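Here are the chains, one letter per residue:
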Amino acid sequence: MTEKEYNQCVAEYADNVYRFILKNLRHEEDARDVVQGAFEKMWRNRADVDNTKCKSYLFTVAYNQMIDHLRKVKRVHLRDEFKEETQVLDKPIYNTRKILEEALSRLNETQRSLVLLKDYEGYSYEEIGQITGLNESQVKVYLHRARIQLKNYLVKPENVI
C-alpha cells in the first residue's frame, strides 16, 4: 500500500469506522482513540496491506482494538450505583433513537458488533466473519440470537413507552 492509497483509504472509510466504533463504545473520545489506533496500525503495516482489502483490514483492526479497549475498561470501571434507567421522569419520552440504543446496549459486545456490521454498515456474513474472526455460520447464529433479543425487548410496551 502506497502513501496515496493509504490517504485514499482514510478519506473513504474513516467515517464508517468511526461510526461503527462509536455505536459500540458510546463514548466519543474512546471511539476516536480506537479509530486513530487502527489507522496508526494500518500505517505501520502498510507494506503488508493489500490496497484492495484495506477496508476489511481496517475494520478488523478497529474491531480488535475496540475489544481490547473494552476489556481494559472492564477491569478498571466501577459500576455507578444509579444508571439512567433508575431516574424518575415526570413524563414519558418517546424517542426512537434512544429506545434503539437502549435495546442495543443490552446485547453483549459481539452481538452488538454483528448487528451494527450487518444491519447498519451492510456487510455480508463473510465480511463480518473476516472482521470479527468468526466463521460464517457463527456469525449467522449470533446475529439471529441478537435479533431475537432485540425483538423481545422492543415488543414490550413498557420498554418503548
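The rules behind each value
- Residues numbered from 1 in each chain as written.
- Predicted model: local features only at pLDDT ≥ 70, side-chain atom pairs only at ≥ 80, totals over all residues.
- Heavy atoms only, no water.
- Helix = DSSP H or I, 4+ residues; strand = E, 2+ residues; numbered from the N terminus.
- Buried < 20%, exposed > 50% of the residue type's maximum accessible area, 1.4 Å probe, protein only.
- Contact = heavy atoms within 4.5 Å.
- Axes fitted to C-alpha atoms, helices over the stretch in contact; angles between N-to-C directions.
- Parallel < 35°, antiparallel > 145°, perpendicular 65-115°, else oblique.
- Left-handed = near helix turned anticlockwise from the far one by under 90°.
- Nonpolar A, V, L, I, M, F, W, Y, C, P; charged D, E, K, R; others polar.
- Salt bridge = Lys/Arg side-chain N within 4 Å of Asp/Glu carboxyl O.
- Core = buried A, V, L, I, M, F, W, Y, C linked by side-chain atoms within 4.5 Å.
- Phe/Tyr/Trp six-rings, centres within 6.5 Å; stacked < 30°, edge-to-face > 60°.
- Lys NZ or Arg CZ within 6 Å of the ring centre and 35° of its normal.

Some remarks on the overall build of the chain
So, point 1. Scanning the chain for helices and strands turns up eight helices and zero strands.
So, point 2. In the chain, which comprises 161 residues, the proportion classed as buried is 34%.
So, point 3. Once local pairs closer than 6 in sequence are excluded, the contacts in the chain between residues at least 24 apart make up 66%.

A look at the packing of helix 5 (residues 109-120) against helix 6 (residues 125-132)
So, point 1. It is at 10 Å that the axes of helix 5 and helix 6 come closest, and there the two elements cross at 140°. Classified by the interaxial angle, the pair formed by helix 5 and helix 6 is oblique. The handedness of the crossing between helix 5 and helix 6 comes out as right-handed. Here helix 5 contributes Leu114, Leu117 and Lys118 to the contact with helix 6, which in turn contributes Tyr125, Ile128, Ile131 and Thr132.
So, point 2. Of the residues in the contact of helix 5 with helix 6, the class split is five nonpolar, one polar and one charged.

Description of the pattern of salt bridges
So, point 1. Taken as a whole and judged by the stated rule, the model has seven salt bridges.
So, point 2. For Glu121, the salt bridge identified is with Arg19, shortest N-O distance 3.9 Å. With a gap of 102 residues between them, Glu121 in the loop between helix 5 and helix 6 and Arg19 in helix 1 (residues 3-25) connect regions that are remote in the sequence.
So, point 3. Note on Glu121: relative accessible area 17%, which makes it buried.
So, point 4. With a relative accessible area of 33%, Arg19 lands in the partly exposed category.
So, point 5. The salt bridge partner of Arg32 is Glu28, with a shortest N-O separation of 3.3 Å. One end of the pair, Arg32, and the other, Glu28, are both in helix 2 (residues 28-44), four residues apart, so they sit about a helical turn from each other.
So, point 6. One continuous salt-bridge network, built from bridges that share partners, spans Glu28, Glu29 and Arg32.

Section: the nonpolar core
So, point 1. Core analysis: the largest hydrophobic core is formed by 40 residues, its most contacted members being Ile21, Met42, Leu58 and Met66.
So, point 2. When contributions to this core are tallied by element, the ones reaching two or more residues are helix 1, helix 2, helix 3 (54-76), helix 4 (96-105), helix 5, helix 6 and helix 7 (136-154).
So, point 3. It is helix 3 that contributes the most residues to this core, nine residues altogether.
So, point 4. Beyond its immediate chain neighbours, meaning those up to four positions away, Met42 contacts Met1, Tyr6, Cys9, Val49, Cys54, Tyr57 and Leu58.

Digging into the packing of aromatic side chains
So, point 1. Tallied over the full model, the rule gives three aromatic pairs.
So, point 2. Centroid distance Tyr6 to Trp43: 4.9 Å. Interplanar angle 65°. Geometry classified as edge-to-face. In this pair, Tyr6 sits in helix 1 while Trp43 sits in helix 2, placing the two residues 37 residues apart along the sequence.
So, point 3. Under the relative-accessibility criterion, Tyr6 is labelled buried at 11%.
So, point 4. Between Phe59 and Tyr123, the ring centres sit 5.0 Å apart and the planes meet at 70°, which makes this aromatic pair edge-to-face. Within this pair, whereas Phe59 is found in helix 3, its partner Tyr123 is found in the loop between helix 5 and helix 6, the two being separated by 64 residues in sequence.
So, point 5. Look at Phe59 and you get buried, because its relative accessible area is 0%.
So, point 6. Residue class for Tyr123 comes out buried when judged on its relative accessible area of 5%.
So, point 7. An aromatic cluster of at least three residues, connected via ring pairs, comprises Phe20, Phe59 and Tyr123.
So, point 8. Cation over ring: Lys23 sits above Tyr120, and NZ or CZ is 5.5 Å from the ring centre.
So, point 9. Above the ring of Trp43, the side-chain terminus of Arg46 is found at 3.7 Å from the ring centroid.

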